[in-house]
Amino acid sequence: QVQLVESGGGLVQPGGSLRLSCAASRTIFNGYAMAWFRQAPGKQRELVADINQSGPTYYADSVKGRFTISRDNAKNTVYLQMNSLKPEDTAVYYCNGRQYGSGYTYSWGPGTPVTVSS
């Protein structure tokens, strides 16, 4: 069964940090790459960061220098360390995976909400 389960979100003050986790089924995790997306209210889902078996390959300009994507192959888990959080980072965060040459086409998990507010 292919599945994605995100966790670690919550309410944090501006400037704070959170670490998100994404537990993926082996089929997804052993594909070409994993990624984090986010969707803010009223906006389209956007790609935040991507990582393949060799390491990170993409960060959105808005998160460069603040967010770090990593993976633990032993746990089939991808992480997103988020530092120096801003109110504009408020969104529901999702993860997904892709095979080589394809898009992120697996069914979306429930996501984990992140709210940055004082």
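What counts, and where the lines are drawn
- Residues numbered from 1 in each chain as written.
- Predicted model: local features only at pLDDT ≥ 70, side-chain atom pairs only at ≥ 80, totals over all residues.
- Heavy atoms only, no water.
- Pairing = 2+ DSSP bridges.
- Helix = DSSP H or I, 4+ residues; strand = E, 2+ residues; numbered from the N terminus.
- Axes fitted to C-alpha atoms, helices over the stretch in contact; angles between N-to-C directions.
- Disulfide = S-S within 2.5 Å.
- Buried < 20%, exposed > 50% of the residue type's maximum accessible area, 1.4 Å probe, protein only.
- Salt bridge = Lys/Arg side-chain N within 4 Å of Asp/Glu carboxyl O.
- Phe/Tyr/Trp six-rings, centres within 6.5 Å; stacked < 30°, edge-to-face > 60°.

Description of the sheet that holds strand E4 (residues 33–39)
Each strand in a sheet pairs with another by means of backbone hydrogen bonds, the pair being arranged parallel or else antiparallel.
Then step 1. Spatial strand order, E2-E10-E9-E4-E5-E6: six strands in an open sheet with mixed pairing. Single-partner strands in this sheet number two, and they are strand E2 (10–12) and strand E6 (55–59). Taking each pair of neighbouring strands and ignoring which way they run, the sheet shows an average axis angle of 25°.
Then step 2. Where E4 lies against strand E9 (residues 91–98), seven bridges are found, and the strand directions are antiparallel. Each bridged residue has a counterpart across the sheet, and for Phe37 the counterpart in E9 is Tyr94.

With respect to the state of the cysteines
Then step 1. Within this structure, the stated rule accounts for one disulfide.
Then step 2. Across a sulfur-sulfur distance of 1.9 Å, Cys22 and Cys95 are joined as a disulfide pair. Taking the torsion about the S-S bond as the criterion, the Cys22 to Cys95 disulfide, at about 65°, is right-handed. Residue Cys22 is located in strand E3 (residues 18–24), and its partner Cys95 is located in strand E9; the two are separated by 73 residues in the primary sequence.
Then step 3. According to the relative accessible area criterion, Cys22 is buried, its value standing at 0%.

Digging into the pattern of salt bridges
Then step 1. The final tally for this structure, using the stated rule, is five salt bridges.
Then step 2. Here Glu46 and Arg38 are joined by a salt bridge, their closest N and O atoms 2.7 Å apart.
Then step 3. Salt-bridge contacts for Arg98 lead to Asp50; the nearest nitrogen and oxygen are separated by 3.6 Å. A residue pair is termed long-range when its members are at least 10 positions apart, and Arg98 in strand E9 and Asp50 in strand E5 (residues 46–52) qualify at 48 residues. Residues Arg98 and Asp50 agree in their burial class; the two are buried.
Then step 4. Bridged by salt links that share partners, the residues Arg38, Glu46, Arg66 and Asp89 form one connected network.

Overview of the packing of aromatic side chains
Then step 1. On inspection of all chains with the given rule, the structure shows four aromatic pairs.
Then step 2. Taken together, a centroid distance of 5.0 Å and an interplanar angle of 80° make the contact between Phe37 and Tyr104 edge-to-face. A residue pair is termed long-range when its members are at least 10 positions apart, and Phe37 in strand E4 and Tyr104 in the loop between E9 and strand E10 (112–116) qualify at 67 residues.
Then step 3. With centroids separated by 5.9 Å and ring planes inclined at 75°, the aromatic side chains of Tyr94 and Trp108 adopt a geometry described as edge-to-face. Of the two residues, Tyr94 is situated in strand E9 and Trp108 in the loop between E9 and E10; the sequence distance between them amounts to 14 residues.
Then step 4. In this structure an aromatic cluster arises from ring pairing among Phe37, Tyr94, Tyr104 and Trp108.

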